[in-house]
Amino acid sequence: SLSAGLDLPGRFLFATLTLMTLIAILVFIEEAVYIYRKIPSSKRSIIIWINAAAPVISTTSCIGMWVPRSTMFTDFTAGIFFSIVIHKFLMMMIKECGGQKVLLRRFENGRFTISTGPCCCCCLCLPRVPITRQTLFWLKLGTFQFAVFRPVLIFLSIVLWTNGDYVLYNLSPKGPALWISCFIGALTLLALWAVGIMFRKVRILLKCKNIIPKFALYQFIVILNHLQTTIINIFATQKIIPCAPPLSSTARGSYIAQQLLIMEMFLITVISRVVYRRKYHDLELPECVAEEPGDKKQTP
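Residues numbered from 1 in each chain as written. Predicted model: local features only at pLDDT ≥ 70, side-chain atom pairs only at ≥ 80, totals over all residues. Heavy atoms only, no water.

An unreviewed UniProt entry annotates the protein as OSTA protein originating from Polioptila caerulea. Looking at the Subcellular location (unreviewed entry) heading of the UniProt record, one finds this comment for the protein: "Membrane". (UniProt positions renumbered as here; feature names shortened; annotations may be inferred.)

Below you can see the structure in the form of structure tokens.
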């Protein structure tokens, strides 16, 4: 077994990372109880979902660390969960503005700036889109499609993997892994773009509700869970990360990614507890809030 093959420092590292995962779970449970007691029911489940992202990723990484053969399933579970969290974060911003009707009334003559990352940050010539019920629908659809299609593609990957047709590190054009990964990447960029457009519009309005640090934590999870893991896997497949018997390069790269994620998600869980623990009855929206420069001032 894995634990039998570990030396004393290795066992100490595994025990420490497992303890960090358990503490992250306990911190989340305590925070969920606080949210359930203090937050209005209309926003309660959304905020609990968002707070659960870091502990869930930490838990799946810990399971993958102890049971190497489960890495495929743990990574897919974390991916499915976080695809739902991205949609929940967009809905949280709308809820924090008072809901869709209040948001439309407040920004009645406002416009969305669509030249934002990660898709169109360099396309400054793109027109600003009026804020209407239809544009809000397209933004919500941009994140909802990711929450629907990514689990479908992951299920397809698991089916192909059980049949021996899907090899995660085989990026040959003839294999399905490359095409499924590219399609998931395109869906991810589209969902992150929708969230970025909404955040750019409401960040000043919701500054009193800590939306900027909340968005920063969300961005850190995206970067660490996707970009960092992808870079480490590429290094492993290119043998930049050397093998250390009995671990191959890819297995060692997977261990490094999982161990880093456990430590990072532990820190994000603790910071999230501080950021989201606010007296929400003191955070009513002001009657008159200035929008971004270039927009007219609106009163609800």
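From this point, the narrative continues.
Caption draft 1: The arrangement of the overall build of the protein in detail. In terms of regular secondary structure, the protein is built from eight helices and two strands. Starting at the N terminus, the α and β elements of the protein follow one another as α-α-α-α-β-β-α-α-α-α. Counting over 300 residues, the protein shows a buried share of 46%. Working note: accessible area of the protein is about 15,600 Å², and carbon and sulfur atoms make up 69% of it. (Helix = DSSP H or I, 4+ residues; strand = E, 2+ residues; numbered from the N terminus. Buried < 20%, exposed > 50% of the residue type's maximum accessible area, 1.4 Å probe, protein only. Areas by Shrake-Rupley, 256 points an atom, 1.4 Å probe, with all protein chains shown as cover.)

Caption draft 2: Structural context of helix H5 (residues 133-162). The end-to-end C-alpha separation of H5 is 44 Å, in line with the 44 Å expected for 30 residues at 1.5 Å each. Of the positions making up H5, those classed as buried are Thr135, Leu136, Leu139, Gly142, Thr143, Gln145, Phe146, Ala147, Arg150, Leu153, Ile154 and Ser157. On the buried face of H5, the contacting elements are helix H3 (71-96), helix H4 (100-106), strand S1 (111-112), strand S2 (129-130), helix H6 (176-202) and helix H7 (211-237). Residue Gly164 follows H5 closely and has a positive phi angle near 85°. (Expected span 1.5 Å × (residues − 1). Contact = heavy atoms within 4.5 Å.)

Caption draft 3: Quick peek at the UniProt feature "transmembrane region" (unreviewed entry) in the protein. According to UniProt, the positions carrying the feature "transmembrane region" (unreviewed entry) are residues 12-34, 46-67, 73-91, 137-161, 176-195, 215-236 and 256-276. Secondary structure content for residues 12-34 is 100% helix and 0% strand, and the end C-alpha separation is 33 Å. This span, residues 176-195, is 100% helix and 0% strand, and a straight line between its end C-alpha atoms measures 29 Å.

Caption draft 4: Looking closely at the side chain of Thr143. Checked against the element boundaries, Thr143 lands in helix H5. Using a relative accessible area of 0% as the deciding quantity, one classes Thr143 as buried. Reaching out from Thr143, the side chain makes a polar contact with the backbone oxygen of Lys140 at a distance of 3.1 Å. (Polar contact = N/O pair within 3.5 Å; in protein donor to acceptor, adjacent residues only side chain to side chain.)

Caption draft 5: Focus on the environment of Phe183. Among the secondary structure elements, Phe183 is positioned in helix H6. Expressed as a C-alpha distance, the spacing of Phe183 and Phe149, which sit 34 residues apart in the sequence, is 9.8 Å.

Caption draft 6: Local environment of the nonpolar core. Counting residues in hydrophobic clusters, the biggest one holds 63 residues, and the most contacted among them are Phe89, Met93, Met198 and Tyr218. Elements with a minimum of two residues in this core: helix H1 (8-38), helix H2 (41-66), H3, H4, H5, H6, H7 and helix H8 (249-276). Looking at which element gives the most residues to this core, the answer is H6, with 13 residues. The next biggest cluster of nonpolar side chains, apart from the first, holds nine residues, and it includes Phe14, Leu17, Met65 and Ile262. (Core = buried A, V, L, I, M, F, W, Y, C linked by side-chain atoms within 4.5 Å.)

Caption draft 7: Representation of the pattern of salt bridges within the structure. Enumeration over the complete set of coordinates arrives at four salt bridges. Salt-bridge contacts for Arg273 lead to Glu30; the nearest nitrogen and oxygen are separated by 3.0 Å. One end of the pair, Arg273, is in helix H8; the other, Glu30, is in helix H1, with 243 residues separating them in the sequence. Across the pair Lys209 and Glu96 runs a salt bridge whose closest N-O atoms are separated by 3.1 Å. Taken as a pair, Lys209 in the loop between H6 and H7 and Glu96 in helix H3 lie far apart in primary sequence, 113 residues in all. Given the relative accessible area of 7%, Lys209 is considered buried. (Salt bridge = Lys/Arg side-chain N within 4 Å of Asp/Glu carboxyl O.)

Caption draft 8: Local environment of the packing of aromatic side chains. Tallying each qualifying case throughout the model produces ten aromatic pairs. With a centroid separation of 6.4 Å and 25° between ring planes, the pair formed by Phe82 and Tyr218 is classed as stacked. With Phe82 in helix H3 and Tyr218 in helix H7, this pair connects stretches of sequence that are 136 residues apart. Each member of the pair, Phe82 as well as Tyr218, is classed as buried. Considering the side-chain rings of Phe89 and Phe215, the 6.0 Å spacing of their centres and the 50° angle between planes classify their relative orientation as tilted. Linking Phe89 in helix H3 with Phe215 in helix H7, this pair joins segments that are 126 residues apart in sequence. Taken as a pair, Phe89 and Phe215 share a single burial class, namely buried. An aromatic cluster is present here, built from Phe82, Phe89, Phe199, Phe215 and Tyr218 joined pairwise through their rings. The ring of Tyr36 carries the charged tip of Arg44 above its face, separated from the ring centre by 4.5 Å. (Phe/Tyr/Trp six-rings, centres within 6.5 Å; stacked < 30°, edge-to-face > 60°. Lys NZ or Arg CZ within 6 Å of the ring centre and 35° of its normal.)

Caption draft 9: Local environment of a nonpolar patch on the surface. On the surface, Phe137, Trp138, Leu141, Phe144, Val148, Phe149 and Val152 cluster together to form a nonpolar patch covering roughly 670 Å² of accessible area. By the secondary structure assignment, Phe144 is in helix H5. (Patch = residues over 30% accessible without salt bridge, like charges linked within 9 Å, V, L, I, M, F, W, Y side chains within 5 Å.)

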